[in-house]
Amino acid sequence: QVQLVESGGGLVQPGGSLRLSCAASGSIADSNTMGWYRQAPGKERDLVATMTSGSITNYAHSVKDRFTISRDNAKNTVYLQMNSLKSEDTAVYYCYYTTPYYYRYGVTYWGKGTLVTVSS
């Protein structure tokens, strides 16, 4: 069992910045992928950015030039630095954790989400 706790969401003006954090606890695999998905009102949940424990990153095209994902593997924590925020970034952001197929055939967990609102 893995628990994911997000923090850092809130209200920010367009062009502003915000940093999200997600701390994982429980049965953490040495090899894993952590990151962030988001779901805007009326939209599907979509990938924002992920990062493997081996430091391989993946970004949505819409955020690649503005957001930066990072990890502290010793703390089992993933961060999302969000710069140049736009109104279309408004969404509930969900922390994500998954393991490779060779770890219990792969498992996936989600945080409960943290709301990011970009508005003037």
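Scroll up a little and you will see the structure.
The model shown is predicted, which means the values in this text are computed figures rather than measured ones.

To continue, consider unusual backbone geometry. Although it is not a glycine, N76 adopts a positive phi angle of roughly 50°. When you line up the elements, N76 lands in the loop between β7 (67-72) and β8 (77-82). Its identity as a non-glycine residue notwithstanding, Y105 has a phi of 60°, on the positive side. In this structure, Y105 sits in the loop between β9 (91-98) and β10 (108-110). Classification of Y105 as exposed rests on a relative accessible area of 79%.

Further remarks concern the environment of K75. Within the element layout of this structure, K75 appears in the loop between β7 and β8. By relative accessible area, K75 is classed as exposed at 56%. Separated by 37 residues in the primary sequence, K75 and R38 place their C-alpha atoms 23 Å from one another.

Below, the discussion takes up the pattern of salt bridges. Scanning all chains against the criterion turns up two salt bridges. Between R38 and D89 there is a salt bridge; the shortest N-O distance is 2.9 Å. Within this pair, whereas R38 is found in strand β4 (residues 33-39), its partner D89 is found in the loop between β8 and β9, the two being separated by 51 residues in sequence. For the pair formed by R38 and D89, the shared burial category is buried. Between D89 and R66 there is a salt bridge whose closest N-O contact spans 2.7 Å. You can see D89 sitting in the loop between β8 and β9 and its partner R66 sitting in the loop between β6 (57-59) and β7, a full 23 residues away along the chain. For D89, a relative accessible area of 0% puts it in the buried group. The network of salt bridges with common partners includes R38, R66 and D89.

Applying the stated criterion to the full structure yields one disulfide. Disulfide pairing places C22 opposite C95 at an S-S distance of 1.9 Å. In this structure the cystine formed by C22 and C95 twists about its S-S bond by roughly -90°; its chirality is therefore left-handed. Of this pair, C22 sits in strand β3 (residues 18-26) while C95 sits in strand β9, placing them 73 residues apart in sequence. Considered together, C22 and C95 belong to a single accessibility category, that of buried residues.

Here is what the cut-offs are and how they apply
Residues numbered from 1 in each chain as written. Predicted model: local features only at pLDDT ≥ 70, side-chain atom pairs only at ≥ 80, totals over all residues. Heavy atoms only, no water. Helix = DSSP H or I, 4+ residues; strand = E, 2+ residues; numbered from the N terminus. Buried < 20%, exposed > 50% of the residue type's maximum accessible area, 1.4 Å probe, protein only. Salt bridge = Lys/Arg side-chain N within 4 Å of Asp/Glu carboxyl O. Disulfide = S-S within 2.5 Å.

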